[in-house]
Amino acid sequence: MIEIKKEGVLLTKTDLEFENEGVLNPAAIREGDSVHLFYRAVRNGNYSSVGYCRLDGPLTIAERWNKPFMVPEFEYESHGVEDARLTKIDNLYYLTYTGYDGINARGALATSKDLKHFTKLGIIVPPITYAEFVFLAESAGKVNENYYRNHKFYYQEADPEKKMMLWDKNVIFFPRRIEGKLVFLHRIRPGIQIACVNNLEDLNKEYWEKYFLNLHDHIVLDPVYPHESSYIGSGCPPVETGQGWLLIYHGVEETEKGLVYSACAALLDLNNPVKEIARLPYPLFSPQYEWELKGEVNNVVFPTGTSLFGDTLFIYYGAADTQIATATVSLTGLVTELLNYAAKNEKQPG
């Protein structure tokens, strides 16, 4: 098994109103010797904004704002701007996040040229209801029935008079174009899917309807092992290595003590990332310490960002939905370990 070192808690909540309930799930990007963190800040009542912190090196706090960096402005995010991820493509920064309106949670995008001023572009995931998705997914065939057997999840607390949109979260862009296309991962339970477009403007309703009629071709990973048996979701932006794209994602297992969230790892093909090369058959790391076992949500490690210093990959994660912690691993060692479990994945691109 690969050796992981838990570096401990990096950021905790403060008495400031915008982050007095918790700080968690940070986007991370390295620029020079600094790491910029854009973290989810939660205030009482479970309203989320994005806080900002700059690190000198991977672990030393150099600057932390005492006000939110990004706040809800539009109806689709009126209850929260949540769980940001950050990548840089063609000198443009892509900040994806979950916009939560109190009923629906869906992936949104903001872009920036300088990491200081972001322009919100709105929801970029399918603009369809859950019922429409069920119809399209059932029509597609060859798809795990768990994709359209989530009625209890969608309707247990919903107002019957309001349409439940398809929850599509954990949107993460690859850090460069692949075959000339913008490529991103997203998550419709229980697996991780991939989308490729020439331009963001292509992400219209017609695109998504065609997409779902061929949903099987766009599934990158589905749950396989016990620690990810309930569902999985994209975590950190993919890291390019000579052997493939390293994907750190989260897996969820239903246990006697409730849901347990673990960090997981897989390797995807560089030129055709819908193809799984390998994945670890065991968690990369799981809740272990008090700060991961007890919090706003117990038993959670939720990886959302990385930085690379030498061969050491620093993984930033939310701990029990309350604090931000860091774990480290040898990048070379992790890729080598993954290749020991190379998958026989014959799926061809759609």
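Note that the coordinates shown come from a computational prediction; the quantities given were computed from them, not determined experimentally.

### Here's the deal with the pairing of strand 21 (residues 323–330)
Part 1: The buried fraction of strand 21 amounts to 7 of the 8 residues, a majority that puts the element mostly inside the structure.
Part 2: Of the pairings in the sheet, the one linking strand 1 (residues 5–11) to strand 21 comprises 5 bridges and is antiparallel in character. For Val-9, the partnering residue across the bridge sits in strand 21 and is Ala-325.
Part 3: Here strand 20 (residues 312–319) pairs with strand 21 via 8 bridges, running antiparallel. When the sheet's bridge partners are listed, Leu-313 is paired in strand 21 with Val-329.

### Concerning the confidence of the model for the chain
Part 1: In the predicted model, the chain carries a mean pLDDT of 93, and the fraction of residues at 70 or more is 94%.
Part 2: Low confidence marks residues 345–350, where pLDDT is under 50. Its contacts with residues over four positions away, or in another chain, come to 10 contacts.

### Description of the side chain of Glu-276
Part 1: Structurally, Glu-276 is set in strand 18 (residues 276–279).
Part 2: There is a polar contact of 3.1 Å between the side chain of Glu-276 and the side chain of Arg-279.

### Notes on the sheet that holds strand 10 (residues 169–173)
Part 1: With antiparallel pairing, 4 strands are arranged side by side in an open sheet as 10-11-12-13. Two strands bound the open sheet, and with one partner strand each, they are strand 10 and strand 13 (219–221). Here the strands of the sheet are splayed against their neighbours by 30 degrees on average, with no regard to which way each runs.
Part 2: Both strand 12 (residues 192–197) and strand 13 contribute to a ladder of 2 bridges, which runs antiparallel. Across the sheet, residue Ile-192 finds its bridge partner in strand 13, namely Leu-221.
Part 3: Those strands touched by helix 3 (residues 205–213) are strand 11 (182–187) and strand 12, and its axis lies near 135 degrees from that of strand 12.

### Quick notes on unusual backbone geometry
Part 1: Following Arg-189, the chain continues into Pro-190 via a peptide bond in cis, with omega recorded as 10 degrees.
Part 2: Relative to the helices and strands, Pro-190 is located in the loop between strand 11 and strand 12.
Part 3: Positive phi, normally seen in glycine, also occurs at Asp-90, with a value near 50 degrees.
Part 4: Within the fold, Asp-90 resides in the loop between strand 6 (80–89) and strand 7 (92–100).

### Let's talk about the side chain of Thr-241
Part 1: Within the element layout of this structure, Thr-241 appears in strand 15 (residues 239–241).
Part 2: For Thr-241, the side chain forms a polar contact with the main-chain oxygen of Gly-244, separated by 2.7 Å.
Part 3: Residues within four places of Thr-241 in sequence aside, it is in contact with Leu-246, Leu-267, Leu-270, Leu-331 and Val-335.

### Side note on the environment of Ala-278
Part 1: Among the structural elements, Ala-278 can be located in strand 18.
Part 2: Judged by its relative accessible area of 0%, Ala-278 falls in the buried class.

### A few points about helix 3
Each turn of an α-helix holds 3.6 residues, which means side chains three or four residues apart point in the same direction.
Part 1: Of all the positions in helix 3, only Trp-208, Tyr-211 and Phe-212 are classed as buried. Looking down the long axis of helix 3, one finds its buried residues gathered within 90 degrees of arc, a one-sided arrangement. For helix 3, the exposed residues lying more than 90 degrees away from the buried face are Glu-206 and Lys-210.
Part 2: Taken together, the buried residues of helix 3 touch helix 1 (130–140), strand 11 and strand 12.
Part 3: Where helix 3 begins, the side chain of Asn-204 points an oxygen toward the backbone nitrogen of Glu-206, at a separation of 3.3 Å.

Rules used in this analysis
- Residues numbered from 1 in each chain as written.
- Predicted model: local features only at pLDDT ≥ 70, side-chain atom pairs only at ≥ 80, totals over all residues.
- Heavy atoms only, no water.
- Buried < 20%, exposed > 50% of the residue type's maximum accessible area, 1.4 Å probe, protein only.
- Helix = DSSP H or I, 4+ residues; strand = E, 2+ residues; numbered from the N terminus.
- Pairing = 2+ DSSP bridges.
- pLDDT = per-residue confidence, 0-100.
- Contact = heavy atoms within 4.5 Å.
- Polar contact = N/O pair within 3.5 Å; in protein donor to acceptor, adjacent residues only side chain to side chain.
- Axes fitted to C-alpha atoms, helices over the stretch in contact; angles between N-to-C directions.
- Arc of directions from axis to C-beta.

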